[in-house]
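Here is how the chains run, residue by residue.
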Amino acid sequence: MAGLWFTEKQTENFGITMKVNKTLHTEQTDFQMLEMVETAEWGNMLLLDGMVMTAVKDEFVYHEMVAHVPLFTHPNPENVLVVGGGDGGVIREVLKHPSVKKATLVDIDGKVIEYSKKFLPEIAGWLEDLRVDVQVDDGFMHIAQSENEYDVIMVDSTEPVGPAVNLFTKGFYAGISKALKEDGIFVAQSDNPWFKGELIRHVQRDVREIFPITRLYVANIPTYPSGLWAFTIGSKKYDPLEVSDDRFHEIETKYYTKELHKAAFVLPKFVGDLVK
Ligand code: SAM
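As the structure is a prediction and not an experimental result, all values here were calculated from the model.

## Remarks on the pairing of strand β9 (residues 150-156)
Within β9, seven of the seven residues are buried, which leaves it mostly tucked inside the rest of the structure. With five bridges connecting them, strand β6 (residues 79-84) and β9 associate as parallel partners. Each bridged residue has a counterpart across the sheet, and for Leu 81 the counterpart in β9 is Ile 153. Across five bridges, β9 lies against strand β10 (residues 180-189) in parallel orientation. For Met 154, the partnering residue across the bridge sits in β10 and is Val 187.

Here is the structure:
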């Protein structure tokens, strides 16, 4: 793909196109087509099955918003699980919270971890931290075998296709509830309201039937489909909109702030209508 333009088709009729300086690695793994490319605009970028997963220049938005909203909502998160997330970005953000004693990452594809460490050190560079336990396994099975274990669970998976299809089911969310402690919180990346409104609607419906506090928040991610990204949060006890100011300890971020923590839940009308 060197010196060419790469297009990710975000729908049958619309895509995002970017100039690729060179291809760093391409491999059909046991689960997906893995491509690592150097782009002119966004730096090194991981693609899975032709879909943008993460890029050096804008990755901080997604990784900060997946991690810090639940971790500042929970008063004392110690044991954290990331399902998917093999690029390491969510783990990097989780480790910024001194209360976290253990961060487990379960990604089904070890090749994503291997090549993220090699070509995305700015993102994957914390996977060797002593607090991190990296497991190559199906997140669905890991959740099914867990009970009353985690304070916070983040689902940083690919789209609901291929290996991730089970990670968007009501049964999986019920399993997450079982895997969480009695006051646990979970967040799942929930795609975009422009092209995947029905997905957002049914995820909210399913999560709302399991968690007493269920909300949606959004962030601007230029390299993701439509540029507007949604996150579903399900909480057994703590409301992300009722976090006192003294809870927000200082951390280094480039997108997340304590003001944005609450503002992210103020939804454009067409998005709010999806989750009424
Ligand atoms: N931030 C990206 C997004 O929102 O689309 C996701 C990036 S992360 C690299 C996605 C990861 O989910 C991939 O590494 C993939 O291997 C992993 N994954 C997909 N299905 C999985 C499953 N059933 N269990 C564990 N990991 C899974």
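## Describing the environment of Pro 222
Tracing the backbone through its elements, the reader meets Pro 222 in the loop between β11 (213-220) and β12 (228-235). For the pair Pro 222 and Lys 111, spaced 111 residues apart in sequence, the C-alpha to C-alpha distance is 25 Å.

## With respect to the packing of aromatic side chains
Enumeration over the complete set of coordinates arrives at 14 aromatic pairs. Judged by centre distance (5.1 Å) and plane angle (20°), the rings of Tyr 217 and Phe 231 are stacked. Of the two residues, Tyr 217 is situated in strand β11 and Phe 231 in strand β12; the sequence distance between them amounts to 14 residues. In this structure, Tyr 217 and Phe 231 share a single accessibility class: buried. Ring pairing ties together the aromatic residues Tyr 62, Tyr 217, Tyr 224, Trp 229, Phe 231 and Phe 265, which thus form one cluster. Against the face of Trp 42 rests Lys 57, its NZ or CZ located 5.4 Å from the ring centre.

Parameters at a glance
- Residues numbered from 1 in each chain as written.
- Predicted model: local features only at pLDDT ≥ 70, side-chain atom pairs only at ≥ 80, totals over all residues.
- Heavy atoms only, no water.
- Buried < 20%, exposed > 50% of the residue type's maximum accessible area, 1.4 Å probe, protein only.
- Helix = DSSP H or I, 4+ residues; strand = E, 2+ residues; numbered from the N terminus.
- Pairing = 2+ DSSP bridges.
- Phe/Tyr/Trp six-rings, centres within 6.5 Å; stacked < 30°, edge-to-face > 60°.
- Lys NZ or Arg CZ within 6 Å of the ring centre and 35° of its normal.

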